[in-house]
Amino acid sequence: MRYIISAFLLVFAISANAQNIVFVTKGVDNPTKIAVVPFGWAGARLPGDIAKIVGNDLEFSGQFEATKPERMLSFPRSEAEVHYRDWKALGAEYLLIGSITQQAGRYYASYELFDVVQQKRVFAKLTVDGTEAQLRDMAHHISDKVYETITGIRGIFSTKLIYVEAFKQPQKYRLMLSDIDGFRPRMLLESRYPVLSPVWSPNGQRVAYVSFEADNKPAIYIQDIATSRRQQMTNFRGLNGAPSWSPDGQKLAMALSKDGNPEIYVMNVLTRQLTRVTNHFAIDHEPSWAADGASLFFTSDRGGKPQIYQVNLATMQQERVTFDGDYNARARVSPDGKSLVMLNKRPGTTHHIAAQDIKSGNLRILSETNLDESPTIAPNGAMLMYATRSGGKGVLAAVSLDARVKILQPPKQGDVREPAWSPFFN
Amino acid sequence: MITKAIKQGLTLAVVMSFLVGCSSSDNKGTEAPTTGTAPVESTVSEATLSNVVYFDFDQYSLTAESRAVLLAHADKLKGASVAVRLEGHADERGSREYNMALGEKRANAVRDFLVTQGVNGSSLEVVSFGEEQPAATGSDEASWSQNRRVEVKY
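All values reported here derive from a predicted model rather than from experimental measurement.

Novice: What should I look at first to understand the overall build of chain B in this one?
Specialist: In terms of regular secondary structure, chain B is built from five helices and four strands. Seen in sequence order, chain B has helices and strands lined up from the N terminus as α-α-β-α-β-α-β-α-β. The proportion of buried residues among the 154 residues of chain B is 46%. At a minimum sequence separation of 6, the contacts of chain B that also span at least 24 residues come to 71%.

Below is the structure:
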């Protein structure tokens, strides 16, 4: 926890605090009911309500429903004050209580989790601390602990999101970093020219993206997130697009058309040595590394329509992977390496997000909205986010990989697009 | 859609009459003749010559209409030492990066056609903006058809 906070200290020091409420439009059939009691605090009003943030986090996962404080019959601060019947009456299965204290400018949040059904404490009192600016980090940390304790899956509430926000008249592009609930947006880059395709480095410290800032032509850049130091990685004639980090962080796969046609290349990040991977007169684009780093998935229209292909980097052997639909593009590999998530269209329908089991080839449609694109998978593999349109604006939507949860973030000022979900930070 | 069809029809009619003065009542599938006579009213033609050619969904092959428009540009560019930027675009549907490639393929198709007509390839610069700079902002076929385009920029 300390490590994360120090890594993001600089980041959040200058962040705006836009209120960006996330609402769940559809939950799982039978979410776990948890009561998160407002934390005890003796001082003046805090800039962040930890219990509220924790409740929102857990609901964001789609697997929980948080009891509203207005319905609560008591507000226990310690185990002695817990009366299980109060919580049974509300249908709560779990109960989280806590309190905040302040000492020498630092805040300390202690919390305990109870199993209402079994009437026992799940974990003894834990404490997390931070500065006033880190109250949200502390809340997300508590959410992670509670989520993992109950579901057995690692929580993603302390991870981050990078996305592109585009404005019209005048045209302006911003590369933004925020919490995954959209709070604490911080600008990483602003340009009058197109910015697209952000991807996190596997260690979560850098981002690669495409920017048209030089001469209104595309080039690939790498930016250190904490220091904002940048390196221009490519400056080739034609297309410079779709960077993708290798799992070991040492290489970038990309699409270049410097030899006349969009082809897949792999660049060594340190030496910038370039290896050509594909050689076909069709479009070869959007490379994405397999989890083991031994092959790349990419989009090609060599069969007449865009489909996903896989190339083995040792043998350069290539084979087609998708067959369901007349449009499959921009694949991302799930953290366990077993599924592809991509943009899919079947004849006569619009574009949706789909997941395909790599081994069996079975494909499932995950999104029901229109003009869906740019899926990104949470590092725990349990959720994904994508870009869609709502009310004429570009917005982000989230869905659980079991296709039961739909969450939309309401529009910000500009069109929000191309979400990139960070890896875990430790 | 209708507006665009009329616009293209008019552009085509102008280009065709400017080339050989042929009867332009049937413009479906008509290959514009490559051996045109010298233009009679070049100022008028240049003023009305379209700088945009359009493409079908997910396609980067030139339509007959596009070839007719580009022939007129080739005539203007042949032997001239003017630099031209060919900007390729796509509609908003589908993957953002894939649309970058689609825009480039479209601009390349225009460049290749101009080169086969005798234009010096080194004076032609190709760049794709994918779906980033739509000409029309609606989310319907009327807008999409105007956004799948290559702009010839002098």
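The rest of the description comes next.
Novice: Where do I start with the environment of A107 of chain B in this structure?
Specialist: Residues and elements named next belong to chain B. Summarising the element assignment, A107 is placed in helix α4 (residues 96–116). Under the C-beta neighbour-count criterion, A107 is labelled buried, with 27 such atoms within 10 Å. When the C-alpha atoms of A107 and V126 are compared, they prove to be 6.0 Å apart, with 19 residues separating the residues in sequence. Among residues more than four places away in sequence, those in contact with A107 are L86, E87, G88, V126, V127, S128 and V150.

Novice: So what exactly am I meant to see when it comes to the pairing of strand β4 (residues 94–103) of chain A here?
Specialist: Walk down a regular strand and you will see the side chains alternate between the two sheet faces. Residue and element names in this part refer to chain A. Counted residue by residue, β4 has seven buried out of 10 residues, so it is predominantly covered. Both strand β2 (residues 32–36) and β4 contribute to a ladder of three bridges, which runs parallel. Bridge pairing in β4 places V36 opposite L96. Alignment of β4 against strand β5 (residues 106–115), held across 10 bridges, turns out to be antiparallel. Among the inter-strand pairings, Q103 is bridged to a residue of β5, identified as R106. Counting the residues in the hairpin turn of β4 and β5 gives two residues, including A104, whose phi is positive at 50°.

Novice: Please explain the interface of chain B and chain A as it appears in this structure.
Specialist: Chain B puts 17 residues into the contact, and the matching count from chain A is 25 residues. Within the residue set of the side of chain B that touches chain A, elements represented by two or more residues are α4 and β3 (124–130) of chain B. The greatest single-element share of the side of chain B that touches chain A, amounting to seven residues, is contributed by α4 of chain B. Here the residues of the side of chain B that touches chain A sort into six nonpolar, four polar and seven charged.

Novice: Just checking my understanding: could you explain the environment of R121 of chain A for this structure?
Specialist: Residue and element names in this part refer to chain A. By secondary structure assignment, the location of R121 is in strand β6 (residues 120–130). Between the C-alpha atom of R121 and that of L95, which follows or precedes it by 26 residues, the distance is 9.2 Å. Residues in contact with R121, not counting those within four places in the same chain, are E79, E112 and F114.

Novice: Sorry, what's going on with the pairing of strand β9 (residues 186–191) of chain A here?
Specialist: All names here are of chain A. Here strand β8 (residues 172–179) runs beside β9; their pairing, made up of five bridges, is antiparallel. Of the residues in β9, the one forming a bridge with M176 is M187. Between the antiparallel neighbours β8 and β9 lie six residues, among them G182 with a positive phi of about 90°.

Novice: In this structure, what is going on with the sheet that holds β8 of chain A? I would like to understand it.
Specialist: Strand pairing in a sheet relies on backbone hydrogen bonds. The paired strands run either parallel or antiparallel. All names here are of chain A. Taken in spatial order, the four strands of this open sheet run β9-β8-β7-β30, and their pairing is antiparallel. With partners counted over all chains shown, the strands left at the sheet margins are β9 and β30 (415–421), one partner each. Put simply, the sheet's adjacent strands are angled 20° from each other on average, direction ignored. In terms of strand pairing, strand β7 (residues 160–167) meets β8 through eight bridges, oriented antiparallel. Within the sheet, the bridge partner assigned to K160 lies in β8 and is D179.

How each quantity is defined
- Residues numbered from 1 in each chain as written.
- Chains lettered and ligands numbered in written order.
- Predicted model: local features only at pLDDT ≥ 70, side-chain atom pairs only at ≥ 80, totals over all residues.
- Helix = DSSP H or I, 4+ residues; strand = E, 2+ residues; numbered from the N terminus.
- Buried ≥ 20, exposed ≤ 12 C-beta atoms within 10 Å, placed from the backbone.
- Contact = placed C-beta atoms within 7 Å.
- Pairing = 2+ DSSP bridges.
- Nonpolar A, V, L, I, M, F, W, Y, C, P; charged D, E, K, R; others polar.
- Axes fitted to C-alpha atoms, helices over the stretch in contact; angles between N-to-C directions.

All we've got here are geometric facts, nothing functional implied.
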